[in-house]
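Here are the chains, one letter per residue:
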Amino acid sequence: MFEPPVQVSASSYGASARLLDGDVRAVLFDLDGTLADTAPDLVAAVNKVRIDRGMPPGPYETLRLQASHGARGLIGSAFGVTPEDAAFASLRDAFLANYEAALCVRSQLFDGIPALLAALAERGLPWGIVTNKAARLTDPLVKLLGLADGAACVVSGDTTPHSKPHPAPLLYAAECIGITPARIVYVGDDLRDIQAGKAAGMATVAAAYGYCGDALAPAQWQADAVVERAGAIAPLVMPPA
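Residues numbered from 1 in each chain as written. Predicted model: local features only at pLDDT ≥ 70, side-chain atom pairs only at ≥ 80, totals over all residues. Heavy atoms only, no water.

Caption draft 1: Representation of the overall build of the protein. When you go through the protein residue by residue, the secondary structure sums to nine helices and nine strands. Its C-alpha atoms give the protein a radius of gyration of 18 Å, near enough to 18 Å, the size a compact globule of 241 residues would have. Seen through its principal axes, the protein has C-alpha atoms that stretch 55 × 35 × 30 Å. Each of the 241 residues in the protein was classed as buried or not, and the buried ones make up 50%. Counted over contacts in the protein with a minimum sequence separation of 6, partners at least 24 positions apart contribute 68%. A total of about 10600 Å² of accessible surface is found on the protein, and carbon and sulfur atoms cover 53% of it. In the protein, 18 positive and 25 negative side-chain charges are present, and the distance between their average locations comes to 1 Å. (Helix = DSSP H or I, 4+ residues; strand = E, 2+ residues; numbered from the N terminus. Rg over C-alpha atoms; globule rule 2.2 N^0.38 Å. Buried < 20%, exposed > 50% of the residue type's maximum accessible area, 1.4 Å probe, protein only. Contact = heavy atoms within 4.5 Å. Areas by Shrake-Rupley, 256 points an atom, 1.4 Å probe, with all protein chains shown as cover. Lys, Arg positive; Asp, Glu negative; His and termini not counted. Charge placed at Lys NZ, Arg CZ, Asp CG, Glu CD.)

Written as structure tokens, this is what we have:
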């Protein structure tokens, strides 16, 4: 029988909600919408494509919801096309060129993330990044955000033959850091993050403060916990000091 996920709000959580009976050995994070608010630069890149084609910018709040879905989601929302449409490839290439040229202008870590990563490091718990973003974009962005030195691993969408929701990237990350998947928590802001984490045998946390798409609400993803702010993650994954 399905049990509803633990609901953890910004103002109400407790040690009893900690995952894996408090025996978490590592934490993995999605990048866009989970560790970092990258939507401003992603939306600017796709809106530049619109502007260059004589169109007005699309609404930020609408496009923001697609930020975790990369080119497919942003191009689809901004232009109403799918990868099967003839126009998609040229629109995607223009979007990616714009984004690569202005990768980290307004992007920044979400409130609470720097303190969370510092706390994990202080406790000796490794953390890493597993994203569907291509490595040519991930690697420089991770450096610009100041995450490169602390991350135990960085797995991009093209690091393995599969991307999320396939578990391969998460299993590869677990192998890289030398921790069994059953002792790892994966945090993400998209349904496919939770699907990938569950398929890999990891505990999962839905980051409801992220982009979360426009379909099922995070509470319906069957994650082990749902958090409304990044600061609520720490009590889930770390035992009391």
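Caption draft 2: Structural detail: the confidence of the model for the protein. Chain-level pLDDT for the protein is 91 on average; 92% of the residues reach the 70-or-more range. Segment residues 1–17 is flagged for pLDDT under 50; beyond a separation of four residues in sequence, or across chains, it makes 27 contacts in the model. (pLDDT = per-residue confidence, 0-100.)

Caption draft 3: Expanded view of helix α6 (residues 135–144). Here α6 has its buried residues at L137, T138, L141 and V142. For α6, the buried positions fall inside an angular range of 120 degrees around the axis, keeping them on one side. Structural note: α6 exposes K143 and L144 on the side pointing more than 90 degrees away from its buried face. Residues of α6 that are buried in the fold lie against α4 (88–101), β5 (127–130) and β6 (154–155). Immediately downstream of α6, the backbone of G146 shows phi near 80 degrees, a positive value. (Arc of directions from axis to C-beta.)

Caption draft 4: Here's a closer look at the pattern of salt bridges. Overall, the coordinates contain nine salt bridges when judged by the stated rule. Notably, a salt bridge pairs K133 with D32, separated by 3.2 Å at the nearest N-O pair. Of the two residues, K133 is situated in the loop between β5 and α6 and D32 in the loop between β2 (26–29) and β3 (36–37); the sequence distance between them amounts to 101 residues. Residues joined by salt bridges that share partners form a network here, namely D23, R25 and R183. (Salt bridge = Lys/Arg side-chain N within 4 Å of Asp/Glu carboxyl O.)

Caption draft 5: Structural view of the pairing of strand β7 (residues 184–188). Among the five residues of β7, five are classified as buried, and the element is accordingly described as predominantly covered. Burial along β7 is two-sided: the face carrying I184, Y186 and G188 and the face carrying V185 and V187 are both buried. Of the strand pairs in this sheet, β2 and β7 are connected by four bridges, and their pairing is parallel. Within the sheet, the bridge partner assigned to F29 lies in β7 and is V187. Both β7 and strand β8 (residues 203–207) contribute to a ladder of four bridges, which runs parallel. Paired with G188 across the bridge in β8 is A206. Between the parallel elements β7 and β8, the chain passes through helix α8 (residues 191–199) in a crossover that is right-handed. (Pairing = 2+ DSSP bridges. Right-handed = clockwise from strand over helix to strand, strands pointing away.)

Caption draft 6: Main features of the packing of aromatic side chains. Scanning the model with the defined rule gives three aromatic pairs in all. Plain terms: the ring middles of F110 and Y211 are 6.5 Å apart, the flat faces sit at 55 degrees to each other, and that makes the pair tilted. Taken together, the residues F110 in the loop between β4 (108–109) and α5 (113–122) and Y211 in the loop between β8 and β9 (225–227) connect sequence positions 101 residues apart. Among the residues examined, F110 registers a relative accessible area of 12% and is labelled buried. Put simply, the rings of F110, Y209 and Y211 touch in pairs and so form one group of aromatic residues. Directly above the ring of F79 sits R50, whose terminal nitrogen or CZ lies 6.0 Å from the centroid. (Phe/Tyr/Trp six-rings, centres within 6.5 Å; stacked < 30°, edge-to-face > 60°. Lys NZ or Arg CZ within 6 Å of the ring centre and 35° of its normal.)

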